[in-house]
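Working through the structure, step by step
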Amino acid sequence: MPSILQVALDTPLHRLFDYRLPAQLDPVPSGSLVEVPFGRTLQIGVALERQSDSAIVADKLRDVIRVLDDRPALSPDILHLAQFCADYYHYPLGAILLATLPPRLRNAAPFMAGKPWLTVTEAGQTAEPPTRARAQRALLDALRAAPQARETLRLRKQGRHAAALVTAGWAEWSRLPPAAGHALPTQAAPAATVEQQAALDRLLPVLGTFSVHLIHGVTGSGKTELYLRLIDVVLATGQQVLVLIPEIALTPQLEQHFRRRFPGRRIATLHSGLNETARAENWLAAPDCDVLLGTRLSVFAPLPRLGLIVVDEEHDASFKQQDGLRYSARDVAIARGKQADIPVVLGSATPSLESYAQALNGRYQLIELRQRAISQAQLPDIELVDLKHIPVDNGLTRPALQALTDTLARGEQSLVFLNRRGYAPALYCPSCAWVSPCPRCSARLVLHRTSHRLKCHHCGFETRIPPECPSCGNPDLKALGQGTQRLEETLAARLPAARIRRIDRDTMRPRAWAELGEAVHGGQVDILVGTQMLAKGHDFPNMTLALILDTDGALYSPDFRATERLFAQLMQVAGRAGRADKPGRVLIQTAFPDHPLFRYLQRHDYAGYARALLAERKQLDLPPFTRQVLLRAEATTMDAALAFLQHAAALAPDTAGVSVFGATPAPMARVANLERAQLLVQSAQRQALQAFVRDWRPQLERIKPRIARWSLDVDPLVF
Ligand code: ADP
Ligand code: ZN
Ligand code: ZN
């Protein structure tokens, strides 16, 4: 009787595939990666169940070609977590399983797990290289301070010296940047504040069982410090900790902070800023690490001794993947915590309303930190500048300019926040009203003056700045509105003495964060201009003014989450001002100073605003009081996209308590030459909605004519 192996493959099909397992390959543990023929190609898949027979006729069955034994099998807990995602997100299991792996490990090329870190040995700690070997001495000194990455050594052309130190027995290669040991100056924990201690008293007893805790703590209240203390206790039991952080918050400073606090512990990182080799190496090293610090994708990392998951800035939108498997890493983290029976700690100064509602209704434990940890650090005053009564010149009002001038005169730093990168949101023709449309999207091309180009921020289309209006030939085109580049230019003209730095996605690279942090701390920057990226994770004690321009779009947006997001952003920005012993000030320019959002903001009252928004959501039957699934369709014409959705609506099962809304064009109706439409399905009961989609999805696959693309988005965040 042939031995049949069920294999999960990365295909859009919701099924597994049977292969014959040649005896010489046996045994194949479940979760192993195997290479199999698929159609006319070879594919990498994941071995699952063994069966004694197959529904496929024997002569159609094909053989497993080989087992990739240069990489470990996916562990049972990851298989289990992927199955949860397949059920909950209605996405094919094989596609999920392969997506949990770093790209380098899902292709067939052999992967040799390298040893990318050069570290000092015991002998190297005290060794004295000859005086003339200057470069070797310098490298050894550097190694005593911290392990060095192979890649860095290569860039600095230190490979030869590294080899010499290894030969001498003073250094060695290793897989993980090992524990800092006595090399890095270690950092002792400060005495816990009263609130931190109260939080620990509640958290420590629950270690070892599943529970979800929401730490709502004002910026600077010491949430990070609280995680560190909790992590310390978990590590002492020999368990591992997974710390999830937003995409851009993983700064080298945060990593250093962890290393200093946990000398003797192995800390690994996983994020998209790493190259593919480093990502694969860190993933392979994850089972041996003590703390894994990573972004969204690390929620699927192999951690056999996991004892705690922390999700920092849990409200952050980067935890939700916006294509392929549209999962929320926060929600998957909770599922993982449940499966592993360990606690999950969510933290934020501005929790998502989803999490906050769960805390209010008692499903999550709410832990509040109301005071800043450093007692003299006061929350800043928040003032509004009424644009209906005060004139604006190039995006800036006189009070705003005055505040910048005063701050500069005191030798303190300011932050100017404008959520639009580029020079100006559009180029405009005053004679015919042409406004730089993207030829492929329903969006405007953004003017980038430094690179002399018009760019689409949605599809990536770029073109030269036209010398004249493409529509009427008028040579006198104007920049319309404000972007960060133009703001930087205006500020430089008004405040010639100020040293200005601009930070946005156009200027940021992972290293740039570290460098920027040093420049700000070192007092080499007076004014930092940037987009919302600036709002996160930094602690600049001399930053006493935050100026916020142009938030009004979000106040009356059709997106029901726009005010929640704006409030969170403003609270975070306000949290940047005046964190140490100097009082901070926040100035917001707005044409709607009477909007209720500002009342709560001025009182630093997250809880009050959250309750007000929740009351509104409840009345309107919106999340978190209902659950949503969005069916998205993309086609070459809007008619085709809408027809697909109407067909889908007609096939909808009749499930009690589930409402199917009408098909509508998406708010961004065209992106990259495809027309986009969507259909919303909603229910107050998650179970009912899940059952509905389970019945519905297979029907969608049969709809003719086919369109370019469709997908289901469970718990959609953007529409
Ligand atoms: P959050 O993550 O809530 O914004 P942090 O943990 O970064 O806050 O703490 C804010 C500041 O307060 C940091 O400079 C930190 O070192 C300091 N801090 C935190 N907890 C304590 C404590 N118990 N004693 C003294 N300083 C503390
Ligand atoms: Zn024109
Ligand atoms: Zn475009």
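Residues numbered from 1 in each chain as written. Chains lettered and ligands numbered in written order. Predicted model: local features only at pLDDT ≥ 70, side-chain atom pairs only at ≥ 80, totals over all residues. Heavy atoms only, no water.

1. Regarding the overall build of the protein
Secondary structure summary: the protein contains 21 helices and 33 strands in total. On C-alpha atoms alone, the protein measures out to a radius of gyration of 28 Å, which is about the 27 Å that the 2.2 N^0.38 rule sets for 719 residues. By principal-axis analysis of the C-alpha atoms, the protein measures approximately 85 × 80 × 55 Å. The buried share of the protein, reckoned over its 719 residues, is 52%. Counting only carbon and sulfur atoms, one obtains 52% of the accessible surface of the protein, whose full area is about 32100 Å². (Helix = DSSP H or I, 4+ residues; strand = E, 2+ residues; numbered from the N terminus. Rg over C-alpha atoms; globule rule 2.2 N^0.38 Å. Buried < 20%, exposed > 50% of the residue type's maximum accessible area, 1.4 Å probe, protein only. Areas by Shrake-Rupley, 256 points an atom, 1.4 Å probe, with all protein chains shown as cover.)

2. Describing the domain arrangement of the protein
Per the domain assignment, the segments making up the protein are domain 1 (3–81), domain 2 (117–174), domain 3 (194–369), domain 4 (381–422 + 482–618) and domain 5 (627–714). Just the C-alpha atoms count here: the centres of domain 4 and domain 5 sit 38 Å apart. (Domains from an automatic or database assignment.)

3. Some points on the sheet that holds strand β13 (residues 306–312)
Pairing in this open sheet of 7 strands is parallel, and the strands run β11-β12-β10-β13-β14-β9-β15 from one edge to the other. Sheet topology places β11 (267–270) and β15 (365–369) at the edges, where each strand pairs with a single neighbour. Between one strand axis and the next, the sheet turns through 20 degrees on average, direction left out of account. The pairing of strand β9 (residues 211–217) with β15 spans 5 bridges and is parallel. Of the residues in β15, the one forming a bridge with I215 is I367. Strands in contact with helix α8 (residues 223–236) are β9, β10 (240–244), β12 (291–294), β13, β14 (343–348) and β15; relative to β13, the strand with the most contacts, it is inclined by about 170 degrees. (Pairing = 2+ DSSP bridges. Axes fitted to C-alpha atoms, helices over the stretch in contact; angles between N-to-C directions. Contact = heavy atoms within 4.5 Å.)

4. Topic: the coordination of the zinc ion (ligand 2)
Each protein donor to the zinc ion (ligand 2) is listed here as C429 (SG), C432 (SG), C469 (SG) and C472 (SG); together their distances run 2.2 to 2.4 Å. Bound by 4 donor atoms, the zinc ion (ligand 2) shows angles of 106 to 112 degrees at the metal and therefore tetrahedral coordination geometry. Taken in chain order, the donor set of the zinc ion (ligand 2) reads C-x2-C-x36-C-x2-C. Residue C429 is found in the loop between β20 (426–428) and β21 (446–448), and its partner C472 is found in the loop between β23 (462–464) and β24 (478–480); the two are separated by 43 residues along the sequence. (Donors = N, O, S within 2.8 Å, 3.2 Å for Na, K, Ca; no water. Tetrahedral: all angles 85-135°; square planar, octahedral: opposite > 155°, others 65-115°.)

5. Describing helix α10 (residues 276–285)
Among the 10 residues in α10, 7 count as buried, and that is most of the element. Regarding α10, its N-cap is N275, as a side-chain oxygen of that residue lies 3.1 Å from the backbone nitrogen of T277 further along. (Polar contact = N/O pair within 3.5 Å; in protein donor to acceptor, adjacent residues only side chain to side chain.)

6. Quick word on the pattern of salt bridges
Applying the stated criterion to the full structure yields 32 salt bridges. Across the pair R494 and D393 runs a salt bridge, and its minimum N-O distance is 3.3 Å. Of this pair, R494 sits in helix α14 (residues 484–494) while D393 sits in strand β17 (residues 392–393), and the two are 101 residues apart along the sequence. Take R494: its relative accessible area is 32%, and that puts it in the partly exposed class. (Salt bridge = Lys/Arg side-chain N within 4 Å of Asp/Glu carboxyl O.)

7. Remarks on the site of ligand 1
Around ligand 1 lies a shell of 17 residues, among which A191, Q196, G220, K223 and T224 are the nearest. At 3.0 Å, a backbone N or O of G222 approaches an oxygen atom of ligand 1. Within the contact set of ligand 1, an oxygen atom lies 3.3 Å away from a backbone nitrogen or oxygen of E225. When the free accessible area of ligand 1 is taken as 550 Å², the share hidden by the protein chains comes to 73%. With 3 residues, the single largest contributor to the shell around ligand 1 is α8. (Near = heavy atom within 4 Å.)

8. Concerning the pairing of β9
Within β9, 7 of the 7 residues are buried, which leaves the element mostly enclosed by the surrounding structure. Going residue by residue along β9, you find S211, H213, I215 and G217 tucked away on one face and V212, L214 and H216 tucked away on the opposite face as well.

9. Re the nonpolar core
By size, the foremost hydrophobic cluster in this structure holds 118 residues, and its most contacted members are V46, L97, L528, L631 and W696. Tallying contributions element by element places helix α1 (residues 76–89) first for this core, with 8 residues. With sequence-adjacent residues up to four places away left out, L528 is seen in contact with S414, L415, V416, R501, I503, L516, V520, L534, F540 and M543. In terms of nonpolar packing, the next biggest core, distinct from the first, is built from 25 residues, L226, V241, V243 and I267 among them. (Core = buried A, V, L, I, M, F, W, Y, C linked by side-chain atoms within 4.5 Å.)

10. Details of the side chain of H161
As for its position among the elements, H161 is in helix α6 (residues 159–167). Overall, the relative accessible area of 16% leaves H161 in the buried class. Setting aside chain neighbours within four positions, we find H161 in contact with A135, Q136 and L139.

11. A look at the environment of W283
Its location among the elements puts W283 in helix α10. Separated by 19 residues in the primary sequence, W283 and P302 place their C-alpha atoms 7.4 Å from one another. Leave out the neighbours within four places in its chain, and W283 touches P72, L74, T100, L101, P102, L105, L270, F300, A301 and P302.

12. Some remarks on the coordination of the zinc ion (ligand 3)
Around the zinc ion (ligand 3), the protein contributes the donor atoms C438 (SG), C441 (SG), C456 (SG) and C459 (SG), which lie 2.2 to 2.4 Å from the metal centre. Donor residues for the zinc ion (ligand 3), ordered by position in the chain, follow C-x2-C-x14-C-x2-C. Since its relative accessible area comes to 3%, C438 is described here as buried. The buried category is assigned to C441, whose relative accessible area is 4%.

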